[in-house]
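Residues per chain are reported as follows:
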Amino acid sequence: MLEHRVQPAIRGLRAYDPGHDMVALRRAADAALVELGSNENPYGPSPLARDAVVKHLDELALYPDPRGGDLKRALAQRHGVAVEQIVLGDGSHELLMQLAQVFAGPDAGVVASQYGFAVYSIAAAAVGAPFRAAPALAMDHAMAAGHDLDAIVAAVDANTHLVYLANPNNPTGTWCGIDAIERFLARIPDDVIVAIDEAYAEFVDAPEWASAIALVARHSNLIVLRTFSKAHGLAGLRVGYGIAQPELIGWLERVRESFNVNLLGLAAAEASLGDPAHVGEGVRKNKIERERLADALRSRGLFVFPSQTNFLLVRFGEDAARIDEALRTRGIVPRPMGGYGLPDCLRITIGTADQNATLLAALDALR
Ligand SMILES: *Cc1c(COP(=O)(O)O)cnc(C)c1O
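The protein chain appears in an unreviewed UniProt entry as Histidinol-phosphate aminotransferase from Solilutibacter silvestris. If you open the UniProt record of the protein chain and go to Pathway (unreviewed entry), you find "Amino-acid biosynthesis; L-histidine biosynthesis; L-histidine from 5-phospho-alpha-D-ribose 1-diphosphate: step 7/9." Regarding the protein chain, the UniProt comment filed under Sequence similarities (unreviewed entry) reads as follows: "Belongs to the class-II pyridoxal-phosphate-dependent aminotransferase family. Histidinol-phosphate aminotransferase subfamily."

## Thoughts on the site of the ligand
In the vicinity of the ligand, the residues found are Gly-91, Ser-92, His-93, Phe-117, Asn-170, Asp-197, Ala-199, Tyr-200, Thr-227, Ser-229, Lys-230 and Arg-238. The side chain of Thr-227 places a nitrogen or oxygen atom 2.6 Å from an oxygen atom of the ligand. In the environment of the ligand, an oxygen atom lies 2.6 Å from a nitrogen or oxygen atom belonging to the side chain of Ser-229. About the coverage of the ligand: the protein hides 92% of its 390 Å² of free accessible area. Across the shell around the ligand, the residue classes tally to 3 nonpolar, 6 polar and 3 charged.

## A closer look at the sheet that holds strand S8 (residues 240-243)
Spatial ordering of the open sheet is given by S2-S8-S7-S6-S5-S3-S4, a layout of 7 strands whose pairing is mixed. Each having just a single partner strand, strand S2 (86-89) and strand S4 (131-134) make up the two edges of the open sheet. When the angles between neighbouring strand axes are averaged without regard to direction, this sheet yields 20°. Here strand S3 (residues 109-113) pairs with S4 via 4 bridges, running parallel. Bridged to Ala-112 within S4 is Ala-133. Against the sheet, helix H6 (residues 118-126) touches S3, S4, strand S5 (160-166) and strand S6 (193-197), its axis set at about 160° to S5.

## Details of the UniProt feature "domain: Aminotransferase class I/classII large" (unreviewed entry) in the protein chain
Mapped onto this structure's residue numbering, the UniProt feature "domain: Aminotransferase class I/classII large" (unreviewed entry) falls at residues 33-363. Across residues 33-363, helical content stands at 37% and strand content at 16%; the span's end C-alpha atoms are separated by 16 Å.

## Section: the pattern of salt bridges
Enumeration over the complete set of coordinates arrives at 16 salt bridges. Here Arg-26 and Glu-35 are joined by a salt bridge, their closest N and O atoms 2.7 Å apart. By relative accessible area, Arg-26 is classed as partly exposed at 41%. With relative accessibility at 22%, the residue Glu-35 sits in the partly exposed group. Within the structure, one salt-bridge network assembled from shared partners comprises Asp-205, Lys-287, Arg-290 and Glu-291.

## Observations regarding the UniProt feature "modified residue: N6-(pyridoxal phosphate)lysine" (unreviewed entry) in the protein chain
When the UniProt feature table is mapped onto this chain numbering, "modified residue: N6-(pyridoxal phosphate)lysine" (unreviewed entry) sits at Lys-230. Residue placement: Lys-230 occurs in the loop between strand S7 (222-227) and S8. In contact with Lys-230, not counting residues within four places along its chain, are Ser-38, Asn-39, Asn-41, Ala-199, Tyr-200 and Phe-203.

## Thoughts on the domain arrangement of the protein chain
A common way to state how big an interface is: give the accessible area lost once the parts meet. Structurally, the protein chain comprises domain 1 (3-45 + 277-366) and domain 2 (48-275). Taken over C-alpha atoms, the centre of domain 1 sits 22 Å from the centre of domain 2. Each partner contributes to the roughly 2900 Å² buried at the junction of domain 1 and domain 2, and carbon and sulfur atoms together form 66% of this total. Its largest share of buried area at the contact with domain 2, domain 1 owes to Pro-45, Gln-308 and Tyr-340, together 23% of the area lost on that side. At the boundary of domain 1 with domain 2, the tally comes to 2 salt bridges. The partner of Asp-205 in a salt bridge is Lys-287, and the shortest N-O contact between them spans 3.0 Å. Our count for the contact surface shared by domain 1 and domain 2 stands at 14 residue pairs in polar contact (both at pLDDT 80 or more). Going through the elements one at a time, helix H1 (8-11), helix H11 (276-299) and strand S10 (311-315) are the ones with two or more residues in the side of domain 1 that touches domain 2. Counting residues per element, the side of domain 1 that touches domain 2 draws most heavily on H11, at 7 residues. Here the side of domain 1 that touches domain 2 is composed, by residue class, of 17 nonpolar, 11 polar and 5 charged.

## A short note on the environment of Leu-312
With respect to the element layout, Leu-312 can be found in strand S10. Residue class for Leu-312 comes out buried when judged on its relative accessible area of 2%. Along the primary structure Leu-312 and Ala-296 are separated by 16 residues, whereas in three dimensions their C-alpha atoms are 12 Å apart. Residue contacts for Leu-312: discarding those within four places in its chain leaves Arg-290, Leu-293, Ala-294, Leu-297, Val-304, Ser-307, Leu-346, Arg-347, Ile-348 and Ile-350.

## Focus: the packing of helix H5 (residues 92-103) against H6
Two numbers describe how H5 lies on H6: the axes approach to 8 Å, and their chain directions differ by 40°. By the angle class used here, H5 and H6 are oblique. Note that H5 runs across H6; the crossing there is right-handed. Every residue of H6 that contacts H5 at His-93, Leu-96, Met-97 and Ala-100 is listed here: Val-119, Tyr-120, Ile-122, Ala-123, Ala-124 and Ala-126.

Reading the values: the criteria
- Along each chain, residues carry numbers from 1 onward, in the same order as the chain's sequence is written.
- Reporting of local features is limited, given that this is a predicted model, to residues whose pLDDT is at least 70; pairs of side-chain atoms are given and counted only at 80 or more, and all residues count toward the totals for whole chains, interfaces and linings.
- As a rule here, side-chain values come from all non-hydrogen atoms in the structure, and water together with hydrogens is ignored.
- UniProt positions are given in the numbering used here, feature names are shortened, and annotations may be inferred rather than shown by experiment.
- Working definition: residue near molecule or strand if any one of its non-hydrogen atoms lies within 4 Å of it.
- We call two N or O atoms a polar contact when they sit within 3.5 Å, provided that within protein one can donate a hydrogen and the other can accept it, with sequence-adjacent residues counted only if both atoms are side-chain atoms.
- Methods summary: accessible areas were calculated by the Shrake-Rupley approach with a probe of 1.4 Å, and residue burial reflects only the protein chains presented.
- Ten residues, namely Ala, Val, Leu, Ile, Met, Phe, Trp, Tyr, Cys and Pro, are considered nonpolar, four, namely Asp, Glu, Lys and Arg, are considered charged, and the remaining ones, Gly among them, are considered polar.
- For two strands to be treated as a pair, DSSP must find no fewer than two bridges joining them.
- Only runs of H or I of at least four residues qualify as helices and only runs of E of at least two qualify as strands under DSSP, and these elements are numbered from the N terminus.
- Angular values range over 0 to 180 degrees, each being the angle between N-to-C directions of two axes fitted as lines to C-alpha atoms, with helices fitted over their stretch in contact.
- Residues count as neighbours in contact if any of their non-hydrogen atoms are within 4.5 Å of one another.
- Here a salt bridge means any side-chain nitrogen of Lys or Arg lying within 4 Å of a carboxyl oxygen belonging to Asp or Glu.
- Burial classes follow relative accessibility: with a 1.4 Å probe on protein chains only, a residue under 20% of its type's maximum area counts as buried, one over 50% as exposed, and anything between as partly exposed.
- Each domain's extent was defined by an automatic or database domain assignment.
- Buried area is a sum: the accessible area each of two parts loses on coming together, probed at 1.4 Å, counted once for each and added.
- Angles below 35 degrees are treated as roughly parallel, those above 145 as roughly antiparallel, those between 65 and 115 as roughly perpendicular, and all remaining angles as oblique.
- Crossings are assigned a handedness: left-handed for a near helix turned anticlockwise from the far helix by less than a right angle, right-handed for a clockwise turn.

If you want it as structure tokens, here you go:
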């Protein structure tokens, strides 16, 4: 009955699909689930982040610092940029939406890659912006279904105002080297905003990859997004950030809700930055398990996409939906990929050694 009052861009919108209803599954389960659907960190956050949360529990009646000054100063030091080059988000998801709000619209289109992160097309649709997905690399390519940077450049036209690019990408796990990113940026008009989403940066060990943060000084249209949700293990507290030149940050600041990052999130993120050993240990374990799990799945005849992240995209063929369901009945929760146009695949977060062994045993029992 209210539909005619809803803005046209919102009417056709489908909200982000967060995967299985974990709360309901947990409630129904009689033991701890093996949760491999959301790329959460199985080792948890730094103890210093937990201490910081506890310490700030006495301040819950107070608004958080609207500028997030302490966290920004810690980030500026970490990344070698100025405080004015940082915007904080209620998760990087919020920043992805804000980028579309500021730079896209009915006459200002958005380009991303096929098999790109689902939030990109939602952000475009929410502001009524035309969205174009550039075809990904062929499945038989070494970087199966990864970004085709030439195709993205070709998809950018005079009406394109914003390009989203995850590196490494979710859900494929694939990545682009820094030289390729530099050549890509050189071919994008310098007034088209390029958002490089590095949510999985900490997990990368491929020598050709480097963060695009180093390119921000030379590209006033570039913003690099990071998050505390993955390697820092703070998904529940919702903290992300973007790094760009001060002008681009200033435009985002105009729409940012003044207290968007909560008190506990600010404190925990800052404390986590002060514990690189904990974050590094989780990354080290992830890398060992990434190789072991990929090898184990490949040895079972499954196609595993190359990954520099904390998850693997695995092709199960026609069996994918059946395997998803059968795993869930055994208390293991992967992420179905139908929404990404990959219905024959499941995305599996790399768990602890125990969790991965449980997964492999269940797969063996099913086949
Ligand atoms: C997980 C993820 C994010 C992070 O989202 P938050 O809102 O910071 O939790 C952003 N981009 C990609 C590609 C992701 O996979």
